[in-house]
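Read off the chains here:
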Amino acid sequence: MIQETLTQEKTWQGTAVSSGVAHAVVHVLKDDFDEPDAEPISPEEVEAELARWQKAMDATHQEIEELKEMVSTEKRSAEADIFDTHLLILEDVSIRKHVEKTVREKLICVDAVYYRLMCKHMDALRGLADTYLRERFLDIKDITHRVMRHLRGELLQHPMFDDPVIIVAHDLTPSDTVQLDRSKVLGFAIETGSGNSHAAIIARSLGLPAVVRLHGLADELHSGDPVLLDGDEGVLILNPTPATLSKYRSREQLAEQREDALQETRHQPSITTDGFTVQVCANAEFVEEMRDIRDSGAAYVGLFRTEFLHLENPDGSEDWLAENYTRSVKAMAPGQVIFRTLDIGGDKVDPQMEEEAEPNPFLGWRGIRVSLGKRDLFKRQLRALLRAASHGPIGIMFPMVSGVEEVREAKAVLEECANELSAEGYPAPDQVEIGAMIEIPSAALTADLIAAEVDFLSLGTNDLIQYTLAVDRLNERVANLYQPTHPAVLRLIALTVEAARRAGIRVCICGEMAADVEMTPLLIGLGLDELSVSAGQVARVKYAVRKLNAEECRSIVEACRHLACPLEILEMSRAMAGELYPDLFE
Ligand code: PEP
Ligand code: MG
């Protein structure tokens, strides 16, 4: 059965969120554990393998008996009945016989044999209309998970791969991502999400293809299946035929030639045809990205999302943080690194910190609110940043501020840290700029007050759009309403730019909108000084800037002032982009 499906090509269509093509085997990350690979075993290992399985089955049996006992003493007889059903499934003779026979004949590890057999049973029940039978699907799933856990002894916290893989998952949270061995990951194929989810942002940062909204994928694919992932067309192809591979190879060659030509221009300055400089900087999530960023043509690091380092090691000491920040600073010096203080919360959940699940995490305890509420954690980070600052120029910016008072309070904590460090004999850093992110409408509306307190403003449009339009950036059901060119969003950007101008400070966009070259005319017309994008996009955005005329860009912003329709506004910008740099859209 498995052999048969291996030979058939099958295509899934999703939404492309990060460009590129990858060809490799998949690694399926399941809800709570990874699907086992079909590791071969030798005939001499068969008995030990079956004994290992028997031990896992016995442990599962005992676990279920204990659960049954517990609910029986609590007089929850309906639940006790469920555990009886689970025991029947566990002890099913035909399953046992089949597993034993397959391990002996096919010489494959028992984890993969048992798991795949149980998946077949689940597949048979999944689509049935009968509620009773559908419930049996969940029973089998539950049993399978229990047995698999016992087989492994313990859950793998950090999946490691011997060979390169494409990650397949229902959903990929930032904490999942930090646990992956990123040196072996070639792409992401995800069932849910959007272009603004952090998995998509990370894929772009790492220059890996990613496709989201591939519904039903994780249940149909098995770890080890060969696939081709196309992050340009949003397609995943299982068992690609030689003809498909050859078609992709020619396409890739053409794309590589174009990219090489573009990359040759990456160190040229980003100045419009009428002499207006728009700095193009890079966003980073991991220390290891600094080398690529240095080589990308980026002016400096416009946004370092420090929460990923935190999620890798939530208990990391001040020394550990200072060491990692210093490595980043040294790698970029004399270019500046703008570190954003922790933006934990929303979808970037630190499981250790989650005291209580929040009904609306994006409107809850997130960003600067967490830092101001957890002073020890905040001070540990600020002290580490100030220590790193003696190795090169840095910026420190505060995320998710809703008004100027939070900025003042955060600055006061920063000053306290600076005084402590100086009393302890640390060298005084002299090149620390302070910034605030503008990503909540209240912050944009009071940007003049905030601008008076800081050296720069940075528009986090990923959040600004979701909070202005009340459209969850991760929810695909309302994805069509997530409109960066909505007049409300553009007016808030214009207000922020105006506030920065009056205060004589610079203003940047570090949200994903900055990387969309269809919108570069609008952003230059709105008066942005800087655009911060993933390293792979820097050359592209710089190229677009060099083709544009700031005066003409201002005139399209003026012409859009009375337009109500986001698409019409986008079309105006797109038309200018298409005329002046059509080659970027080929
Ligand atoms: C943003 O909101 O635009 C931003 C840059 O921050 P993040 O995507 O990490 O929320
Ligand atoms: Mg944000």
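Positions within a chain are numbered from 1, following the residues in the order the chain's sequence is written. In the order they appear in the text, chains get letters beginning with A and ligands get numbers beginning with 1. Where local features are concerned, this predicted model is filtered to residues with pLDDT of at least 70; where side-chain atom pairs are given and counted, the filter is 80 or more; whole-chain, interface and lining totals use all residues. With hydrogens and water stripped out, all remaining heavy atoms of the structure feed into the side-chain values.

Undergrad: Whenever I open this one, the overall build of the protein confuses me. Can you help?
TA: The numbering of helices and of strands both runs from the N terminus, where a helix is a DSSP run of H or I of at least 4 residues and a strand a run of E of at least 2. The helix and strand tally for the protein stands at 24 helices and 16 strands. Each radius of gyration reported is based on C-alpha atoms, and the globular scaling rule is 2.2 Å times the count of residues to the power 0.38. Radius of gyration (C-alpha) of the protein: 27 Å, near the 25 Å computed for a compact globule of 586 residues. Overall size of the protein, expressed as C-alpha extent along the three principal axes, is 80 × 60 × 45 Å. Any residue under 20% of the maximum accessible area for its type is buried, any over 50% is exposed, and the rest in between are partly exposed; the area is computed with a 1.4 Å probe on protein chains only. Looking at the protein as a whole, 54% of its 586 residues are labelled buried. Residue contacts follow a heavy-atom distance rule, with two residues in contact if any of their heavy atoms lie within 4.5 Å. Within the protein, counting contacts between residues at least 6 apart in sequence, those at least 24 apart form 70% of the total. A total accessible area of about 26,000 Å² is found for the protein, and carbon and sulfur atoms account for 52% of it. In this tally Asp and Glu are treated as negative and Lys and Arg as positive; neither His nor the chain ends contributes. Where a charge lies is defined by one atom per residue type: Lys uses NZ, Arg uses CZ, Asp uses CG and Glu uses CD. Each charge sign in the protein was given a centre, from 60 positive and 99 negative side chains, and these centres are 1 Å apart. Computed with the Shrake-Rupley method and a 1.4 Å probe, the accessible areas treat only the protein chains shown as cover for residues.

Undergrad: Can you walk me through the pattern of salt bridges in this structure?
TA: Once the charged atoms of two side chains with opposite charge are near each other, the side chains can pair. For this document, the term salt bridge refers to a Lys or Arg side-chain nitrogen within 4 Å of an Asp or Glu carboxyl oxygen. In total, this model carries 41 salt bridges according to the counting rule given. Between Arg182 and Glu312 there is a salt bridge, and its shortest N-O distance comes to 3.0 Å. In this pair, Arg182 is assigned in the loop between helix H7 (174-179) and strand S5 (185-190) and Glu312 in helix H12 (residues 307-312), connecting sequence segments 130 residues apart. Between Glu285 and Arg305 there is a salt bridge whose closest N-O contact spans 2.7 Å.

Undergrad: Just to check I follow, could you spell out the nonpolar core for this structure?
TA: Nonpolar side chains tend to gather and get buried jointly when the protein is soluble and globular. The criterion is simple. A nonpolar core is a set of buried Ala, Val, Leu, Ile, Met, Phe, Trp, Tyr and Cys residues joined through side-chain atoms within 4.5 Å. The biggest cluster of nonpolar side chains holds 96 residues, and the ones touching the most others in it are Leu382, Phe398, Ile450, Leu457, Ile493 and Leu528. Not counting the four nearest positions on each side in its chain, Phe398 is found in contact with Thr341, Ile368, Phe378, Leu382, Ala410, Lys411, Ile434, Gly435, Ala436 and Met437. By size, the runner-up hydrophobic cluster in this structure holds 31 residues, among which are Phe83, Leu90, Ile143 and Val147.

Undergrad: Teacher, can you tell me more about the domain arrangement of the protein here?
TA: Accessible area lost during the coming together of the parts is what is often quoted as the interface size. Domain limits in this description derive from either an automatic procedure or a database domain assignment. Once the domains are mapped, the protein shows domain 1 (10-30 + 157-257), domain 2 (43-151) and domain 3 (265-585). Each of domain 1 and domain 3 was reduced to a C-alpha centroid, and the two centroids are 27 Å apart. Summed over both partners, the accessible area lost on bringing two parts together, with a 1.4 Å probe, is the buried area. Taking both partners together, domain 1 and domain 3 bury about 1,900 Å²; carbon and sulfur atoms supply 54% of that area. Put simply, domain 1 and domain 3 have 4 salt bridges between them. The salt bridge partner of Glu512 is Arg204, with a shortest N-O separation of 2.7 Å.

Undergrad: Honestly, the sheet that holds strand S3 (residues 21-29) in this entry has me stumped. Any pointers?
TA: Backbone hydrogen bonds are what pair the strands of a sheet, in a parallel or an antiparallel way. The pairing criterion for strands is at least two bridges between them, as found by DSSP. Here 8 strands make up an open sheet; going across it, the order is S1-S8-S7-S3-S4-S5-S6-S2 and the pairing mixed. Each end of this open sheet is capped by a strand with a single partner; those strands are strand S1 (10-13) and strand S2 (15-18). The sheet shows a mean angle of 30° between the axes of neighbouring strands, direction not considered. Inspection of the sheet shows S3 paired to strand S4 (residues 165-169) by 5 bridges, in the parallel sense. Within the sheet, the bridge partner assigned to Val26 lies in S4 and is Ile166. Orientation is described by axes fitted as lines to C-alpha atoms, over the contacting stretch for helices, and by angles from 0 to 180 degrees between their N-to-C directions. This element, helix H8 (residues 198-206), spans S2, S5 and strand S6 (210-212) of the sheet and lies at about 55° to S2.

Undergrad: Explain the coordination of the magnesium ion (ligand 2) to me, please; I cannot follow it from the model alone.
TA: Octahedral metal centres with six donors ideally show angles of 90 or 180 degrees, and tetrahedral centres with four donors ideally show 109.5 degrees. Surrounding the magnesium ion (ligand 2) are the protein donor atoms Glu439 (OE) and Asp463 (OD), at 2.0 to 2.2 Å. Residue Glu439 is located in the loop between strand S13 (432-438) and helix H17 (441-445), and its partner Asp463 is located in helix H19 (residues 461-469); the two are separated by 24 residues in the primary sequence. For Asp463, a relative accessible area of 2% gives the class buried. A donor here means an N, O or S atom no more than 2.8 Å from the metal, or no more than 3.2 Å when the metal is Na, K or Ca. Since water is not included, a site may seem to lack partners.

Undergrad: Sorry if this is basic, but what is going on with the site of ligand 1 here?
TA: Around ligand 1, a shell composed of 17 residues is seen, among which Arg305, Arg340, Asn462, Asp463 and Arg473 lie nearest. In protein, a polar contact means a hydrogen-donor-capable atom and an acceptor-capable atom, both N or O and within 3.5 Å, with residues adjacent in sequence counting only if both atoms are side-chain atoms; elsewhere, any N or O pair within 3.5 Å suffices. Within the contact set of ligand 1, an oxygen atom lies 2.9 Å away from a side-chain nitrogen or oxygen of Arg473. When ligand 1 is considered free in solution it has 290 Å² of accessible area, and contact with the protein chains removes 100% of it. Those elements giving two or more residues to the shell around ligand 1 turn out to be H8, strand S10 (301-305) and H19. The greatest single-element share of the shell around ligand 1, amounting to 3 residues, is contributed by H19. Within the shell around ligand 1, the residues separate by chemical class into 4 nonpolar, 5 polar and 8 charged. One heavy atom within 4 Å of a molecule or strand is enough for the residue carrying it to be called near that molecule or strand. Here the term charged refers only to Asp, Glu, Lys and Arg, the term nonpolar to Ala, Val, Leu, Ile, Met, Phe, Trp, Tyr, Cys and Pro, and the term polar to all other amino acids, Gly among them.

Undergrad: Is there a simple way to explain the environment of Leu531 in this structure?
TA: Position of Leu531 among the secondary structure elements: in strand S16 (residues 530-534). Note on Leu531: relative accessible area 1%, which makes it buried. A C-alpha to C-alpha distance of 50 Å links Leu531 and His150, two positions 381 residues apart in sequence. Non-local contacts of Leu531, meaning those with residues more than four positions away in its chain, are made with Val278, Gln279, Val280, Cys281, Cys508, Ile509, Ala514, Thr520, Leu523 and Val541.

Undergrad: Help me out: how do you make sense of the sheet that holds strand S15 (residues 506-509) in this one?
TA: Read around the barrel, 8 strands follow the order S9-S10-S11-S12-S13-S14-S15-S16 and close on themselves; strand pairing throughout is parallel. Strand-to-strand twist in this sheet, taken as the mean axis angle between neighbours without regard to direction, amounts to 30°. Pairing of strand S11 (residues 337-340) with strand S12 (residues 394-398) involves 4 bridges; the strand directions are parallel. By the bridge assignment for S12, Val337 is matched with Ile394.

Undergrad: For this particular structure, what's the right way to read the side chain of Arg546?
TA: Along the chain, Arg546 falls in helix H22 (residues 538-547). One buried charged residue, Arg546, forms no salt bridge at all, with the nearest opposite charge on Asp583 at 9.2 Å. A distance of 3.3 Å separates the side chain of Arg546 from the side chain of Gln268, its partner in a polar contact. For Arg546, the residues in contact, after removing those within four places along its chain, are Thr265, Gln268, Pro269, Ser270, Ile271 and Thr273.

Undergrad: I would appreciate a short explanation of unusual backbone geometry in the present structure.
TA: Working note: non-glycine residues mostly have negative phi, and peptide bonds are mostly trans. The omega angle of the peptide bond from Ala333 to Pro334 is 5°, so this bond is cis rather than trans. Locating Pro334 in the fold gives a position in the loop between helix H13 (318-332) and S11. The backbone of Leu107 shows a phi angle near 55°, a positive value even though the residue is not glycine. Here Leu107 lies in the loop between helix H4 (93-106) and helix H5 (110-126). With a phi angle near 55°, Ala470 is a residue other than glycine that sits in the positive phi range. Locating Ala470 in the fold gives a position in the loop between H19 and helix H20 (487-503).

Undergrad: Mind showing me how you'd approach the packing of H13 against helix H15 (residues 375-388) here?
TA: Helix-helix packing: each pair is described by the crossing angle between the helix axes and the interaxial distance. Two elements in contact, H13 and H15, have axes separated by 8 Å at closest approach and are oriented at 40°. One way to sum up the angle between H13 and H15 is to call them oblique. When the axes of H13 and H15 are compared, the crossing they make is right-handed. In this structure, H13 uses Glu318, Asp319, Leu321, Ala322, Tyr325, Thr326 and Val329 to contact H15, whose residues at the interface are Arg380, Gln381, Arg383, Ala384, Leu385, Arg387 and Ala388. For the contact of H13 with H15, the class distribution of residues is 7 nonpolar, 2 polar and 5 charged. Note on angle classes: values under 35 degrees are labelled roughly parallel, values over 145 roughly antiparallel, values of 65 to 115 roughly perpendicular, and the remainder oblique. Handedness of each helix crossing follows the sense of rotation of the near helix against the far helix: counterclockwise by less than a right angle gives left-handed, clockwise gives right-handed.

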